Amino acid sequence: MKATVIYGAGDVRVETRPDPTIVEPTDAIVRTVRACVCGSDLHPYRSMAHTEQGVPIGHELLGVVEETGSAVTTVRPGDLVIAPFAWSDNTCPVCRDGFQTACPHGGFYGNPGDVGGQQAELARIPLADGSLVAVPDVDETSPLLPSLLTLSDVYLTGYHAAHMARVSARTTVTVIGDGAVGLSAVLAARQMGAERIILMGRHTSRTDLGREWGATDVVAERGAEGIQRVLDVTDGLGSHVVLEAVGHMPAYEQSYGVVRAGGVISRVGVPQYEDAPVGFGSLFGRNITLTGGPAPVRAYLEDAIPQVLRGEIDPGRVFDKTVAIDDIAEGYAAMDRRESLKTIVAF
């Protein structure tokens, strides 16, 4: 099969690698119909040290089941399925609590072992009964495929940010970041009834989509100037909720600068740091709650799929560039140059 492998910063290649096979009776083999490049994939694309063997990459997949292990009962060959970006058993106490990305029996795609990346023609899905969710009455020609693909990660990551912050009516929300996850957070916050949504971003084509999806205000300024602008439009109080969808320290600093006393900061941008202010001046002194983390999209799929099928949400609009697997390196480059918001890979 063709598979995407990253060898270091800026070095993404498509190689022929062995087809995956059933290893455990709980496995399934899925043929990829759509995959995509994630904003988090750009972190290694920009900074990964060179490696001789390369690392399989990719973790967002919509596909068709080709083969199942003897213990798999919930999906069968021919089913169109969404594969969450992490696999889980969906039965253990942690999963039942709704945090499948922390499943002690689960894991993440894109590693050098026997579970590779999902920017490939075929994928091995461990714990298929707990991980895969079939989409009823949709085939490979459906215009809904892009929106269904977003349920493997990007839209439901934005939803998770809003969910963990308990966004509701009369909530003022500030979203930091106008990438695909930030825009998804805008859409999710509007679905949850947020009264006011302030989108912090400076790329007009993206913030225009944010306005369509529910942003009431756009703040293009960053740093101290951006913080002051948010305070100005909230009568000096700040936002009840801040959804941080970037992952870099300036975004975190901006978050505690604009959050209201007693408010919530919910982070879903993969943090590119370990040490961060949590003391009196940043969080403690104003009773700020810090939450968020890797989105357990498996917990949300059963509710989100019907929303897409009924046309209530169309999160697939985050995709603005389509490439074939052989051209995926150009998709990475376009996103890195901010010429593409999010690139989809059609197989």
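First, a word on what this report is: a plain description of the structure on this page. (Residues numbered from 1 in each chain as written. Predicted model: local features only at pLDDT ≥ 70, side-chain atom pairs only at ≥ 80, totals over all residues. Heavy atoms only, no water.)

### Some points on the nonpolar core
1) Next: Residues Leu-151 and Leu-243 are the most contacted members of the largest nonpolar core, which totals 55 residues.
2) Next: Residues contacting Leu-151, with those up to four places away along its chain left out, are Ile-82, Leu-156, Val-297, Leu-301, Ala-304, Ile-305 and Val-308.
3) Next: Judged by nonpolar contacts, the second largest core, of 18 residues, contains Ile-198, Ile-227, Val-233 and Val-242. (Core = buried A, V, L, I, M, F, W, Y, C linked by side-chain atoms within 4.5 Å. Buried < 20%, exposed > 50% of the residue type's maximum accessible area, 1.4 Å probe, protein only. Contact = heavy atoms within 4.5 Å.)

### With respect to the side chain of Glu-244
1) Next: Here Glu-244 is to be found in strand β14 (residues 239-244).
2) Next: Buried charged residue Glu-244 carries no salt bridge. Nearest counter-charge: Arg-267, at 5.2 Å.
3) Next: A polar atom in the side chain of Glu-244 sits 2.4 Å from the backbone nitrogen of Val-246.
4) Next: Other than its neighbours up to four places away in sequence, Glu-244 contacts Ile-176, Ala-251, Tyr-252, Ser-255, Ser-266, Arg-267, Val-268, Gly-269 and Tyr-273. (Helix = DSSP H or I, 4+ residues; strand = E, 2+ residues; numbered from the N terminus. Lys, Arg positive; Asp, Glu negative; His and termini not counted. Salt bridge = Lys/Arg side-chain N within 4 Å of Asp/Glu carboxyl O. Polar contact = N/O pair within 3.5 Å; in protein donor to acceptor, adjacent residues only side chain to side chain.)

### Overview of the sheet that holds strand β15 (residues 259-267)
1) Next: Read across the open sheet, the 6 strands follow the order β13-β12-β11-β14-β15-β16; overall the sheet is parallel. The two strands at the open ends of the sheet, each matched to only one other strand, are β13 (217-219) and β16 (289-292). When the angles between neighbouring strand axes are averaged without regard to direction, this sheet yields 20°.
2) Next: Examined bridge by bridge, β15 and β16 share 4 bridges and lie parallel to one another. Along β16, the bridge assignment pairs Arg-267 with Gly-292.
3) Next: Helix α6 (residues 180-191) contacts β11 (172-176), β12 (196-200) and β14 of the sheet and is inclined by roughly 175° relative to β12. (Pairing = 2+ DSSP bridges. Axes fitted to C-alpha atoms, helices over the stretch in contact; angles between N-to-C directions.)

### A word on the state of the cysteines
1) Next: What the rule picks out here adds up to 0 disulfides.
2) Next: The cysteine Cys-95 is free of any disulfide, with Cys-92 supplying the nearest cysteine sulfur at 3.6 Å.
3) Next: Of all cysteine sulfurs, the one in Cys-95 lies closest to Cys-103, which takes part in no disulfide; the gap is 3.7 Å.
4) Next: Taking relative accessible area as the criterion, Cys-103 reaches 7% and is therefore assigned buried. (Disulfide = S-S within 2.5 Å.)

### Section: helix α5 (residues 154-164)
1) Next: For α5, a buried count of 9 out of 11 residues is recorded, marking the element as mostly surrounded by other parts of the structure.
2) Next: In this structure, the buried side of α5 is in contact with α4 (145-150), α6, β14, β15, β16 and α10 (301-309).
3) Next: In the stretch just after α5, Arg-166 is the one whose phi turns positive, near 55°.

### Some details on the packing of helix α8 (residues 223-233) against helix α9 (residues 249-258)
1) Next: Running from amino to carboxyl end, α8 crosses α9 at an angle of 30°, the nearest separation of the two axes being 9 Å. Compared by their axis directions, α8 and α9 come out roughly parallel. Crossing hand, α8 versus α9: right-handed. Here α8 contributes Gly-223, Ile-227, Val-230 and Leu-231 to the contact with α9, which in turn contributes Glu-253, Gln-254, Gly-257 and Val-258. (Parallel < 35°, antiparallel > 145°, perpendicular 65-115°, else oblique. Left-handed = near helix turned anticlockwise from the far one by under 90°.)

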